[in-house]
Amino acid sequence: MGSAPPMSGKFFIKTFGCQMNVADSERMTALLADKGMEQAQAAEDASVIIINGCTVREKAVHKALSQLGSYNFMRKRKGGKGPVIGVGGCVGQLDKENLFKRAPYLDFVFGTDTIDNLPEIVHRVENGERHVIYADFDKSMDYSTETKIHGLKAQAFVNIMKGCDKYCTYCIVPFTRGKEKSRTIDEVVSDVAQLVAKGVREVTLLGQNVNSFGKGNSNTANREPAELNNVIGKVGPRAGEENFPQLLRALDTDPRCAELKRIRFTSSHPLDFSDELIACYAKPENGGVARLSPHLHLPVQSGSDAVLQKMGRHHNIESYIAQMDRLRELCPDVGISTDIIVGFPTETEEDFQQTLKLLDRLQYDNVYAFAYSSRPGTRASKMQDDVSASVKNERLNHLLQYQNVIAEKLYVGRVGKVMEILVEGESKNQHMIDKNGIDPQTARVWTGKTGCNRVVNLISRSPRNLLGKFLDVKITAATCLSLHAEESLGQEILE
Ligand code: 5AD
Ligand code: SF4
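As a starting point, this report considers the structure included with it. Remember, it's a predicted structure, so these values are computed and weren't measured experimentally.

Let's talk about helix α7 (residues 185–197)
- Helix length check: α7, at 13 residues, gives a terminal C-alpha distance of 18 Å against a target of 18 Å (1.5 Å per residue), a fit within 8%.
- Of the residues making up α7, those classed as buried are Ile185, Val188, Val189, Asp191, Val192, Ala193, Gln194, Leu195 and Val196.
- Against the buried residues of α7 lie β7 (155–159), β10 (202–206) and α9 (244–253).
- Of the residues trailing α7, Gly199 is marked for its positive phi of about 110°.

Details of the site of ligand 1
- Residues in close proximity to ligand 1 include Val56, Arg57, Tyr170, Gln301, Asp339, Ile341, Phe370, Ala371, Tyr372, Ser373 and Arg375, which together make up its full environment.
- Interatomic distance of 2.9 Å between a side-chain N/O atom of Arg57 and an oxygen atom of ligand 1.
- Against a free-state accessible area of 410 Å², the protein chains account for coverage of 86% of ligand 1.
- For the shell around ligand 1, the elements supplying multiple residues, two or more each, are β13 (335–342) and β14 (366–371).
- Looking at the shell around ligand 1 residue by residue, the class counts come to six nonpolar, two polar and three charged.

Points about the side chain of Arg177
- Structurally, Arg177 is set in helix α6 (residues 173–177).
- Arg177 sits in the buried class, given a relative accessible area of 7%.
- Here the side chain of Arg177 touches Asp24 through a polar contact of 3.0 Å, side chain to side chain.
- Apart from residues lying up to four places away in sequence, Arg177 is in contact with Met20, Asn21, Asp24, Cys90, Thr112, Phe137, Gly163 and Gln208.

Concerning the sheet that holds strand β11 (residues 262–266)
- The parallel open sheet is built from three strands, whose spatial order is β7-β10-β11. Two strands lie at the open edges of the sheet, namely β7 and β11, each paired on one side alone. In this sheet, adjacent strand axes meet at a mean angle of 25° when their direction is disregarded.
- Alignment of β10 against β11, held across five bridges, turns out to be parallel. Paired with Thr204 across the two strands is Arg264, which belongs to β11.
- Where helix α1 (residues 19–34) meets the sheet, it contacts β7, β10 and β11, and its direction lies at approximately 105° from that of β7.
- The sheet contacts of α7 involve β7 and β10, and relative to β7 the element is tilted by about 160°.

Here we look at the nonpolar core
- Formed by 68 residues in total, the largest nonpolar core has its most connected members in Ile160, Leu205, Phe244, Leu247 and Tyr364.
- Looking at which element gives the most residues to this core, the answer is α7, with seven residues.
- In terms of domain composition, this core takes at least three residues from each of domain 2 (151–293) and domain 3 (304–313 + 330–412).
- Other than its neighbours up to four places away in sequence, Leu247 contacts Ile160, Ile185, Val188, Val189, Leu205 and Phe213.
- With 23 residues, the next largest nonpolar core counts Leu65, Tyr71, Val91 and Val109 among its residues.

Quick look at the pairing of β14
- Here β13 pairs with β14 via six bridges, running parallel. By the bridge assignment for β14, Ser337 is matched with Asn366.

Description of unusual backbone geometry
- Cis geometry marks the peptide bond from Thr266 to Ser267; its omega dihedral reads 5°.
- With respect to the helices, strands and loops of the structure, Ser267 is situated in the loop between β11 and α10 (275–279).
- Unusually for a residue other than glycine, His314 sits at a positive phi of about 60°.
- Here His314 lies in the loop between α11 (305–310) and α12 (317–330).
- Given a relative accessible area of 45%, His314 falls into the partly exposed group.
- The residue Thr346 is not glycine, and still its phi comes out positive at about 75°.

Here's the deal with the environment of Leu471
- By secondary structure assignment, the location of Leu471 is in strand β18 (residues 470–478).
- For Leu471, a relative accessible area of 0% puts it in the buried group.
- A C-alpha to C-alpha distance of 7.6 Å links Leu471 and Val423, two positions 48 residues apart in sequence.

Some remarks on the packing of α12 against helix α13 (residues 349–362)
- It is at 11 Å that the axes of α12 and α13 come closest, and there the two elements cross at 15°. Here α12 lies roughly parallel to α13, going by the angle between them. Regarding α12 and α13, the two cross each other, and that crossing is right-handed. Across from Ile317, Tyr320, Ile321, Met324, Asp325 and Arg328 in α12, the residues of α13 making contact are Leu358, Arg361 and Leu362.

Observations regarding the pattern of salt bridges
- Inspection of every chain in the model, using the stated rule, returns 30 salt bridges.
- The salt bridge partner of Asp272 is Lys166, with a shortest N-O separation of 2.7 Å. Pair noted here: Asp272 is in the loop between β11 and α10 and Lys166 is in the loop between β8 (161–162) and α6, with a separation of 106 residues, a long-range link.
- Judged by its relative accessible area of 8%, Asp272 falls in the buried class.
- Of the charged contacts in the structure, one is a salt bridge between Arg264 and Glu202, with a shortest N-O distance of 3.2 Å. Taken together, the positions of Arg264 in strand β11 and Glu202 in strand β10 put the pair 62 residues apart, joining distant regions of the chain.
- Of the residues examined, Arg264 reaches a relative accessible area of 7% and is grouped as buried.
- One network of salt bridges, in which partners are shared, links Glu202, Lys261, Arg262, Arg264 and Glu420.

Criteria and cut-off values
- Residues numbered from 1 in each chain as written.
- Chains lettered and ligands numbered in written order.
- Predicted model: local features only at pLDDT ≥ 70, side-chain atom pairs only at ≥ 80, totals over all residues.
- Heavy atoms only, no water.
- Helix = DSSP H or I, 4+ residues; strand = E, 2+ residues; numbered from the N terminus.
- Expected span 1.5 Å × (residues − 1).
- Buried < 20%, exposed > 50% of the residue type's maximum accessible area, 1.4 Å probe, protein only.
- Contact = heavy atoms within 4.5 Å.
- Near = heavy atom within 4 Å.
- Polar contact = N/O pair within 3.5 Å; in protein donor to acceptor, adjacent residues only side chain to side chain.
- Areas by Shrake-Rupley, 256 points an atom, 1.4 Å probe, with all protein chains shown as cover.
- Nonpolar A, V, L, I, M, F, W, Y, C, P; charged D, E, K, R; others polar.
- Pairing = 2+ DSSP bridges.
- Axes fitted to C-alpha atoms, helices over the stretch in contact; angles between N-to-C directions.
- Core = buried A, V, L, I, M, F, W, Y, C linked by side-chain atoms within 4.5 Å.
- Domains from an automatic or database assignment.
- Parallel < 35°, antiparallel > 145°, perpendicular 65-115°, else oblique.
- Left-handed = near helix turned anticlockwise from the far one by under 90°.
- Salt bridge = Lys/Arg side-chain N within 4 Å of Asp/Glu carboxyl O.

The following block contains the structure:
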């Protein structure tokens, strides 16, 4: 790990992509702030600009690169005396020094395994070095870290494993995040305990495949590389290794984490979504994990077995539905969400109809849908990308509208109920105040999430700061995207 002397100036981080990247940006922020730098509110005010880019779809890469171009334009406007600019995240990891060829004005590049070198990199660049690069993978089998947060927070992301060994045929992640490596249960529990001591009340356990957590970690008895190589493949930890349900139970029972209120996790693969994990969703009196939030994000990608097979997903729709049915039996109020790719090579209209049928059958709260985009180096990139862009777009729009109807019905069914939310910040929907004829001088609209991960916009008639508070609120209305609640309907507000 690099070292750097105390630093000054302001930095600005622009983040693209998944929660993993959001968590990585939080770490970058904490690392630079620890060295004495200040976070700028806007890129214009910064002396260091960092783009934390995503490569999962071609569009995401374009977004990061065009953002880079516009920062360079801003620097030129400042007569070349503007900020130093760097690219990190999956874009840095994948494109490495090629980024300097593409954008010679770029000052530094770093990857997903070299975030902790960031202060040193920035120090070197600020001292006149150009084209500084740290984008190698950490080749060791171990993964050990401590979560860093910046400022007071009720919520934190905690990386528990990294990398992915599944190699779904369309996915670039195994190439940008490397092989699966897990922390130990002891280390994660101590880490969460230090966050709880700082005021954190909700953690989201993060990894590309959190439910294969434990595979080959340093608490595994036989860690000979040859032995480990045999394990790398489709499945998570074997009998005798630490596993994800054990981690959930350890967090739920450790006295140092007693004040933790919610445990969430993302993301998962259906192959590792074991009966042991499903059992964690039962009521505590039936052996469940009390603080596990009743929410599951389990990407399915397609409703067609033929497409799933070509995607290299190694499961079928029948087994996926059976998992969801068992989960709902144990936890009827669970909120479920998924990822879908439309327009994968060879996907027919009939395959697509099967995906819609699956949405009907499972009644997801939320569906994140994407048009297939060929990624270099993946197995699918060698298949013919034979669904036209217009058909992909039609299917994507159709699916989103279809899902909106399902979600709206589900959400309307919640009106009148009292639900607990954690307030995450002020809502963008301040206009809801005018619509409701409430005094805009004192009222605020806040946004929060229920345990089952539904977004709630809460109208509060008082000016008090609700950020980070757990409140019981009464749901007054619903759209296909969110629930609305009011604070002043006479119900008890709990903190
Ligand atoms: N094209 C489109 N979507 C993709 N995803 C991953 N790779 C691709 C790709 N090549 C989607 C999957 C995954 C989510 C994070 O991004 O649905 O679950
Ligand atoms: Fe990509 Fe599949 Fe791994 Fe998820 S499980 S990160 S989709 S390769």
